[in-house]
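Listed below, chain by chain, are the residues.
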Amino acid sequence: MTPTAYLTRIHLNPRNGRVRRDLADAGQLHKTLMRLMPDHLGDSARADSGLLFRLDETDTGPVVLAQSRTTPDPGRLPDGYGQAQVRDLTPMFHALSEGMQVRYRIAANTCKRLRPTPEEAAKGRTRGKLKALSGQEAADWWHRRAETAGLNLLTIQPTHLSTLRSRAEPGMAHAVNRFDGQATVTDLQAVITAVLAGIGKGRSYGAGLLSLAPAPRS
């Protein structure tokens, strides 16, 4: 059975006050995008709706991509927020097959959990702090995650992005690296799962959305 998902592309209006607020606060952007989802989803509304999003800077200005398993309603966005277009991703899922080459993009929270220090262990902590990864460590992280997600990376172009922060959670900071390139689909079900569920931490704040498209034929 082919899964159902929708992609809402929002060309933001940078002159809008709420847009400027959301661009500076990943938590507020999350709240605004949840307005696209139906009401009364419960305590796990983000997970139940399958909302994942990413902010892309383009030649024509900032664009938000918001993916969800529930049908979005762009009419619920604030007035003047931007121009929104919704696309059904079912044809994309139909087009995917093992062995095909795809172009990918993901902005991921590249991090790893350290072992607890002796001081932390003495306090009964079984997990250490999270370490933000950059450079080759971040690229290695993506190689491992891509393999688990059913992709064999052929090329990889890393770009370091600004740390995601939320004013409502002063201690929250998600280091983000974007990866672009081409890959071969090695496990179709794993790829579909990764697209729908997202990859890594920080998925409520704009990390983890995996975008795929057929690679151009040479």
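Residues numbered from 1 in each chain as written. Predicted model: local features only at pLDDT ≥ 70, side-chain atom pairs only at ≥ 80, totals over all residues. Heavy atoms only, no water.

## Here's the deal with the side chain of Thr90
- Considering the arrangement of structural elements, one finds Thr90 in helix α4 (residues 90-95).
- Its relative accessible area of 17% is what places Thr90 among the buried residues.
- Within the structure, Thr90 has its side chain in polar contact with the side chain of Asp88 (distance 2.7 Å). (Helix = DSSP H or I, 4+ residues; strand = E, 2+ residues; numbered from the N terminus. Buried < 20%, exposed > 50% of the residue type's maximum accessible area, 1.4 Å probe, protein only. Polar contact = N/O pair within 3.5 Å; in protein donor to acceptor, adjacent residues only side chain to side chain.)

## Quick word on the pattern of salt bridges
- Enumeration over the complete set of coordinates arrives at 7 salt bridges.
- Between Asp56 and Arg54 there is a salt bridge, and its shortest N-O distance comes to 2.9 Å. With respect to burial, Asp56 and Arg54 carry one shared label: buried.
- Between Arg105 and Asp180 there is a salt bridge whose closest N-O contact spans 2.4 Å. Taken together, the residues span a long stretch of sequence, with Arg105 in strand β5 (residues 101-109) and Asp180 in strand β12 (residues 176-185) at a distance of 75 residues.
- Exposure remark for Asp180: the relative accessible area of 15% places this residue in the buried category.
- Three or more residues are tied together by salt bridges with common partners; here these are Arg54, Asp56, Arg105, Arg178 and Asp180. (Salt bridge = Lys/Arg side-chain N within 4 Å of Asp/Glu carboxyl O.)

## Some remarks on the sheet that holds strand β3 (residues 61-68)
- Read from one edge to the other, the open sheet built from 4 strands follows the order β2-β3-β1-β4, with strand pairing classed as antiparallel. Among the strands making up the open sheet, the edge pair consists of β2 (52-58) and β4 (82-88). Between one strand axis and the next, the sheet turns through 20° on average, direction left out of account.
- In this sheet, β3 lies alongside strand β1 (residues 6-12) in antiparallel orientation, the contact comprising 6 bridges. For Arg9, the partnering residue across the bridge sits in β3 and is Leu65.
- Sitting on the sheet, helix α2 (residues 26-34) touches β1, β2 and β3, and the angle it makes with β2 is about 115°. (Pairing = 2+ DSSP bridges. Axes fitted to C-alpha atoms, helices over the stretch in contact; angles between N-to-C directions. Contact = heavy atoms within 4.5 Å.)

## Brief notes about α2
- A large share of α2 lies buried, amounting to 7 of its 9 residues.
- If you follow the buried residues of α2, they end up packed against β1, α1 (17-23), α3 (45-49), β2, β3 and β10 (164-166).
- The backbone nitrogen of Gly27 lies 2.9 Å from a side-chain oxygen of the residue at the head of α2, namely Asp25.

## Some thoughts on the nonpolar core
- Counting residues in each nonpolar core, the largest one holds 34 residues, and the members touching the most others are Phe93, Trp142, Leu151, Leu210 and Leu212.
- Considering every element that reaches this core, the biggest residue donor is helix α7 (residues 188-197), with 5 residues.
- When residues no more than four places from it in sequence are discounted, the contact partners of Leu210 are Tyr104, Arg105, Ile106, Trp142, Leu151, Ala194, Val195 and Ile199.
- With 15 residues, the next largest nonpolar core counts Leu12, Val19, Ala66 and Tyr81 among its residues. (Core = buried A, V, L, I, M, F, W, Y, C linked by side-chain atoms within 4.5 Å.)

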